There are 2 protein chains.
Amino acid sequence: MIFDLIIIGGGPAGITVAIYASRNNLNTLLFSQNLGGMLSNKAVDIENYTGFPSITGIELAEKFREHLLKQENVLVKAEEVNFIQRENNTFKVKTDTEEYESKTVIIASGSKPRELNILGEKEFLGKGVSYCPVCDGFFYKGKDVAIIGGGNAGFESAIYLNSIANTIYILERGDKFLADKKNQEKVNSFKNIKAFTNAEILEIKGDKFVQSIKWKNNGEVLETEIEGVFVQAGYVPKTDYLKDLVDLNEKKEIIVDESMKTKTKGLFAAGDITNSKVKQIICAASSGAIAALSAYNFLNYEQN
Amino acid sequence: MIFDLIIIGGGPAGITVAIYASRNNLNTLLFSQNLGGMLSNKAVDIENYTGFPSITGIELAEKFREHLLKQENVLVKAEEVNFIQRENNTFKVKTDTEEYESKTVIIASGSKPRELNILGEKEFLGKGVSYCPVCDGFFYKGKDVAIIGGGNAGFESAIYLNSIANTIYILERGDKFLADKKNQEKVNSFKNIKAFTNAEILEIKGDKFVQSIKWKNNGEVLETEIEGVFVQAGYVPKTDYLKDLVDLNEKKEIIVDESMKTKTKGLFAAGDITNSKVKQIICAASSGAIAALSAYNFLNYEQN
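The following paragraphs examine the structure supplied in this document. (Residues numbered from 1 in each chain as written. Chains lettered and ligands numbered in written order. Predicted model: local features only at pLDDT ≥ 70, side-chain atom pairs only at ≥ 80, totals over all residues. Heavy atoms only, no water.)

**Side note on the packing of helix α4 (residues 152-161) of chain A against helix α5 (residues 181-188) of chain A**
Residue and element names in this part refer to chain A. Across the interface, α4 lies against α5 with an axial gap of 10 Å and an inter-helix angle of 35 degrees. The chirality of how α4 crosses α5 is left-handed. For the pair α4 and α5, contact is made by Asn 152, Phe 155, Glu 156, Ala 158 and Ile 159 and by Asn 183, Gln 184, Lys 186 and Val 187, respectively. A per-class count over the contact of α4 with α5 returns four nonpolar, three polar and two charged. (Axes fitted to C-alpha atoms, helices over the stretch in contact; angles between N-to-C directions. Helix = DSSP H or I, 4+ residues; strand = E, 2+ residues; numbered from the N terminus. Left-handed = near helix turned anticlockwise from the far one by under 90°. Contact = heavy atoms within 4.5 Å. Nonpolar A, V, L, I, M, F, W, Y, C, P; charged D, E, K, R; others polar.)

Quick look at the structure:
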């Protein structure tokens, strides 16, 4: 069978695509190995998704998941998509185990944590190195930890870990913190969080587990004993496999127009995987609505 | 005192602006005579705002209102803004009773129901003519009514009125209904709703109250006895008073760029009052987040 629409990704963008697709009776297949997407990893309560004054990421992910599962005509599968090809006006979408066909595709698979590519990072992954404080924070009860990255994710991770870990170091490579003011004020109010700018991590050292980091602060090389390193250095989208179908910007994000169209007819993108300037939950969801309506219009008025 | 930000409008866009402004410690004043905006007028349950599988407009408006009122540094006033002027790098914002000053302004006041400008429309306003089925539907229990407009608003009004009124006529001037498929299917399933395309209303007639409409269907002029006329013919933004500060498109919507900037420095717009293609609650909220962050960036990095 040929689907009207295949959605790749089940975060805020992908789920909103599915809601709008279902309302327009599109026969839809959604791929996600993690419904709710990165919401579940959020280290602090979400207070800026309009309608929910304060909610944990896990709870909001569950509400999105419930909303998705009420939609008719939407099949959800947990396979990972590795290949897409346009052929005779339809798309062939391949996962590890199957091949599917669809008239339109919307890419909404978000992005993955950026790796530092420094010594020790791969070696100690799961042995002191983590990309998800909410998932792994518990293992560092009473221990000293470092967070690499001084944006909102880094600061929110520090706030989250504050009640678990002992001393928390935030290391920001740039000369200012990019976290918003509320997060900076909150971090400043905790004595056990120490935040540094111009702080570059050089190496993660240890034996079986992480024991210390080597880092440079304003030119001076230091070694600090810590047992956990949480990398919060931004995200990179998984777009390599789409190369011929879409244009990417310098961040490897998919370039879309205001209707979420890519350069390939019938192929759209939404959410954090696109070149949108503002990466916020509400904005990802909104772009999903727009992409779904564009796919619907394509199927009804533009398809050849 | 000079505010950092004045928000005009308290619907999904304006409330989301306030949430993001508060998180960035902007000293904010929001004007709204109707918190939640047009949500409260929605005739059917809202099922496409991600996170709420099904909720009435009134309930969602209340959740948005609650969220707003939890924000620090946001003052809410119910005055109507009639005049804005930029002078010496600040904005003077005048209401009927007061004058305020702010470094930035975000217009998020949405739009008002479009009038038909036909005979009898003004004369019978409140005497059979209404722009809000949810507000006034109750008065038409067991009576025959007409809905002018065959878009989603018209169809959803018909679905809402189905359990109240007797026979319901939907008159759409164009040659097809613009309502989405789900709404069209639902309307088709009700025997007491009769929907016409190529149907132009010519006059609303009556004595003290509405008694009939004169309309043209495919060229033929008809007169049909009804006691209520619900005008659902789209919306027009209130932008006349902004003329020198913004560029308007042919629909009188404010032209903004992807950061919600208007042509005047420090002046932004969000939601249905802008030239956005997709008018959806989630999209209005998203544009509010973007506008707030643009105002914040303007205050921190661009202001002279």
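Structure's up, so let's keep going.
**Observations concerning the state of the cysteines**
Counting across every chain of the model gives two disulfides over all chains. The disulfide partner of Cys 132 of chain A is Cys 135 of chain A, and the S-S distance across this bridge is 2.0 Å. Disulfide Cys 132 of chain A to Cys 135 of chain A: torsion about the S-S bond roughly 70 degrees, handedness right-handed. When its relative accessible area of 9% is taken as the criterion, Cys 132 of chain A is described as buried. Distance from the sulfur of Cys 283 of chain A, which forms no disulfide, to the nearest cysteine sulfur (Cys 283 of chain B) is 10 Å. Classification of Cys 283 of chain A by relative accessible area gives buried; the value is 8%. (Disulfide = S-S within 2.5 Å. Buried < 20%, exposed > 50% of the residue type's maximum accessible area, 1.4 Å probe, protein only.)

**Points about the sheet that holds strand β10 (residues 168-171) of chain A**
Residue and element names in this part refer to chain A. Strand order in this open sheet of five strands is β8-β15-β9-β10-β11, and the pairing throughout is parallel. A single partner strand is all that each edge strand has here, and the edge strands are β8 (129-130) and β11 (193-196). Summarising the sheet, β10 and β11 pair through four bridges and their orientation is parallel. The partner of Leu 171 across the bridge, within β11, is Phe 196. (Pairing = 2+ DSSP bridges.)

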